[in-house]
Amino acid sequence: MKRFVSMLFSLFLVSCAATPATTPTLIPFPTVPVKGYPAVSQDIKQVVLAEVQKPDVAFDGVLNVKVISSGDFYTANITINGQEYALDLLMVYERNTSVAAYPLVVGVLKGDTYMPSYSGYDGEGNREAYLDYLEAHDILARGRRLYPELYGDIVTENGIEWNRCGLPPLQCEVGAYMTQQYNLDEFLYQQMLGVNQPIPDGFALAWTWSAATPENTLPGFDKVVLP
Amino acid sequence: MSYREALMKTKLFSFLLDKILSFKLSPIDWQFIRRKLPHIFLLGALVAVGMALYPQALCAAGQCNEPRDQWCGGTATNPKCCAASAGFTVVISCHPADNPAGASYCAEDTTQVPVRCQNNGDCEVTEVLGSPNRLKKGYWYVGSCPSISGRLCEKPFENTNGSRATCCGGSDDSDDGGCVPTFAPPSVGETFTSDPPNPLPWGQEQPPYGSALGVTLSRFLATGGVDVSCNSGARQPITSMTVKISLQPASAAWIENELSKRYYGAHVYGSYPQFSEQPAIDHPSSACQGVQQIGFGTPQAELDCQWFKPLDPGRYDIIVKVCQGDAQCREVTLPTPLTVSLLDTTLVQP
């Protein structure tokens, strides 16, 4: 009996060895390179890392980042639910775990309604007056320290819940669109946006922001000298 | 090993053994010792000085991990050494920001200023390698932001949050005898909101609110005091806030002297200071009462919905008392008084 069992076992081993191993078939996976904003150059990265302190990690109820203006202002059009929006954008460098470059929403135009994002502006609500103000006060100047923030019920542990938005409607609509379209809020929470992955073209930060100006900042510290 | 090598080793061993066994102690040459005595003392003194200066020498080199630097006051379990400092914090900008409840305040932006400690005998900062330089008489002033005014923030204060400027490293663990933090008293924001913005004395109000609206004061802000001993940046949590109002003496005098001439018998009705009260459940201000305290138990707190019945017209001082976790309290009279206007004349079209 013993011999029979051992023979059976030997036969099993032999049969295993004889069966050719099935080689997994590699199916090529189509990789589509994400078209993103260009990476921050090394010299700019060094200056921002040295001059800007990383903000505190986000906590429930408040989310803030620190960015530096690149001075590059431009306008882009997007369509949300079939409606046209014109976004006035400023390319900025965010100081997070590293340094990321993406546009910050300066203002949103929808039809005849314009919504400024700079919290320090309390003038007329039309685009021309607002942009004139920003220019006159040099707010978008290259190197300017800017402080975008989001606060209130909208900022939760699970992410930004735009359906609770208490901000002006245009800002909420654009913000919600950015979250739905690009889903980058988690990276913003973790201060990892653009650190290990490119930031896709089209994304913009639609938060309210304030700025370091000569009125609220020690002389010489309202701007960072960028190369 | 070859036979030859083994033989050689054996011969060498027996040679050395012979030498050791044949060694005889020669008599002490006292003359030689006497001659060399100054050298011996000098050498001993040098060794003693070297040992004494060893920690400071390491300190100056920025590498005194062991032994701990006595000057920094650490313990064996919590060594505090004169380490190369990563830099000291300075508040450079104050920008408007909001807490989760939507209350505005001036948020700080900071920068790090590198310093150097090169004294041989201690770890005091000897050189500031960047700007702004906040080193004054051995203390480093971090600065702080003023209270928000409207939606505007002014420049940071430069002479606040001072602490001893040293390169002493190690953790500030008070349990094992390390740096024991002590905290500045809490600070109180200078602003508040008033609903209605121009209140009338209790009972003079007009419809639609009926004849007893009173005044609800909100948005009192407080910040816990910062650690001034260990430069840890830690702040005390706010534990309590109370608000009371007090008719200014000038207003009381005005009622007694001026107003009493116009309205016979006019006098000061209220007794002061007057504390906030709870409005009746059907009062318009009762809805506000549920959300009075925001951020208590944290360093940034806000007190809302303080309801008062101002019985007299005039200017009222608003006195805010704030206490923090270490039982330190501060009582502040806000710079802007509450003005309660007398509804004097009702004009009627003839």
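Residues numbered from 1 in each chain as written. Chains lettered and ligands numbered in written order. Predicted model: local features only at pLDDT ≥ 70, side-chain atom pairs only at ≥ 80, totals over all residues. Heavy atoms only, no water.

What follows is about the overall build of chain A. A tally of regular secondary structure across chain A gives five helices and nine strands. Walking chain A from its N terminus toward its C terminus, one meets helices and strands in the order α-α-β-β-β-β-β-α-β-β-β-α-α-β. Residue burial in chain A is summarised as follows: out of 227 residues, 46% are buried. (Helix = DSSP H or I, 4+ residues; strand = E, 2+ residues; numbered from the N terminus. Buried < 20%, exposed > 50% of the residue type's maximum accessible area, 1.4 Å probe, protein only.)

Summing up its helical and strand segments, chain B has three helices and 19 strands in all. Sequence-distant contacts, at least 24 apart, represent 65% of the contacts inside chain B between residues at least 6 apart. When the accessible surface of chain B is totalled, it reaches about 20300 Å², and 57% of it is carbon and sulfur. (Contact = heavy atoms within 4.5 Å. Areas by Shrake-Rupley, 256 points an atom, 1.4 Å probe, with all protein chains shown as cover.)

What follows concerns the sheet that holds strand E7 (residues 162–164) of chain B. Residue and element names in this part refer to chain B. Spatial strand order, E5-E6-E7: three strands in an open sheet with antiparallel pairing. Unpaired on one side and paired on the other, strand E5 (135–136) and E7 mark the two borders of the sheet. One ladder, built from three bridges, connects strand E6 (residues 139–141) with E7; its direction is antiparallel. Across the sheet, residue Trp-140 finds its bridge partner in E7, namely Ser-163. (Pairing = 2+ DSSP bridges.)

Residues and elements named next belong to chain A. Counted by the stated rule, this structure contains one cavity of 30 Å³ or more. In this structure, the largest cavity encloses a volume near 60 Å³. Lining the largest cavity, in full, are Ile-160, Trp-162, Gly-175, Met-178, Thr-179, Asp-185, Leu-188, Phe-203, Ala-204, Leu-205, Ala-206 and Trp-207. Of all elements in the fold, only helix H4 (169–182) and helix H5 (185–189) reach the threshold of two or more residues within the lining of the largest cavity. Class assignment of the residues belonging to the lining of the largest cavity gives a composition of nine nonpolar, two polar and one charged. (1 Å grid on protein atoms, 1.4 Å probe; cavity = no way out; pocket = protein on both sides within 12 Å on 5 of 7 lines; lining within 4 Å. Points joined across faces, edges and corners; volume = space filled by probe spheres on them. Nonpolar A, V, L, I, M, F, W, Y, C, P; charged D, E, K, R; others polar.)

Another point: the packing of aromatic side chains. Inspection of every chain in the model, using the stated rule, returns 11 aromatic pairs over all chains. Judged by centre distance (6.1 Å) and plane angle (85 degrees), the ring pair of A:Tyr182 and A:Phe203 falls under edge-to-face. Residue A:Tyr182 is found in helix H4, and its partner A:Phe203 is found in the loop between H5 and strand E9 (208–211); the two are separated by 21 residues along the sequence. Here the two residues A:Tyr182 and A:Phe203 agree in accessibility, since each one is buried. One aromatic cluster in this structure is built from A:Tyr114, A:Tyr118, A:Tyr121, A:Tyr130, A:Tyr133 and A:Trp209. Between the NZ or CZ atom of B:Lys136 and the centre of the ring of B:Tyr141, over which it lies, the distance is 5.6 Å. The ring of B:Trp202 has B:Lys309 sitting right over it, with the charged end atom 5.2 Å from the ring centre. (Phe/Tyr/Trp six-rings, centres within 6.5 Å; stacked < 30°, edge-to-face > 60°. Lys NZ or Arg CZ within 6 Å of the ring centre and 35° of its normal.)

This part covers helix H3 (residues 127–136) of chain A. Residues and elements named next belong to chain A. Those residues of H3 lying buried are Tyr-130, Leu-131 and Leu-134. Down the axis of H3, the sector holding all buried residues measures 95 degrees, keeping them to one side. The outward face of H3, more than 90 degrees from its buried face, is lined by the exposed residues Glu-128, Glu-135 and Ala-136. Tucked inside the fold, the buried residues of H3 contact strand E2 (67–80), strand E3 (83–95), strand E4 (99–110), strand E5 (113–116) and E9. Among the residues of H3, the N-terminal cap falls to Asn-126, whose side-chain oxygen and the backbone nitrogen of Glu-128 are separated by 3.3 Å. Among the residues trailing H3, Asp-138 stands out with phi positive, at a value near 60 degrees. (Arc of directions from axis to C-beta. Polar contact = N/O pair within 3.5 Å; in protein donor to acceptor, adjacent residues only side chain to side chain.)

Residues and elements named next belong to chain B. Residues Ile-28, Trp-30, Phe-32, Ile-33, Leu-37, Ile-40 and Phe-41 make up a contiguous nonpolar surface patch of about 730 Å² in total accessible area. Position of Ile-40 among the secondary structure elements: in helix H2 (residues 30–60). The class for Ile-40 is partly exposed, based on a relative accessible area of 49%. (Patch = residues over 30% accessible without salt bridge, like charges linked within 9 Å, V, L, I, M, F, W, Y side chains within 5 Å. Salt bridge = Lys/Arg side-chain N within 4 Å of Asp/Glu carboxyl O.)

For the rest of this paragraph, the subject is the sheet that holds strand E8 (residues 187–188) of chain B. All names here are of chain B. Ordered by their spatial adjacency, four strands build an open sheet running E8-E11-E15-E14, and the pairing between neighbours is antiparallel. Every other strand in the sheet has two partners, leaving E8 and strand E14 (293–294) as the edge strands with one partner each. Relative to strand E11 (residues 220–223), E8 runs antiparallel, the two being bridged by two bridges. Looking across to E11, one finds that Val-188 is bridged to Ala-222.

As a further point, take the confidence of the model for chain A. Confidence in the prediction for chain A averages 84 pLDDT; 83% of positions are at 70 or higher. Within chain A, no element has a lower average pLDDT than helix H1 (residues 2–18) of chain A, which sits at 52, and none a higher one than E3(A), at 96. (pLDDT = per-residue confidence, 0-100.)

Okay, the state of the cysteines next. Tallying each qualifying case throughout the model produces four disulfides over all chains. Each disulfide pairs two cysteine sulfurs, and for A:Cys165 the partner residue is A:Cys172, the sulfurs being separated by 1.8 Å. Because the sign of the S-S torsion sets the handedness, a value of about -70 degrees for the bond joining A:Cys165 and A:Cys172 places this disulfide among the left-handed ones. Exposure remark for A:Cys165: the relative accessible area of 19% places this residue in the buried category. Between the sulfur of B:Cys106 and that of B:Cys153 lies a disulfide, 2.2 Å long from S to S. Note on the B:Cys106 and B:Cys153 pair: the S-S dihedral is about -105 degrees, so by sign convention the disulfide is left-handed. Linking B:Cys106 in strand E2 (residues 104–113) with B:Cys153 in the loop between E6 and E7, this pair joins segments that are 47 residues apart in sequence. (Disulfide = S-S within 2.5 Å.)

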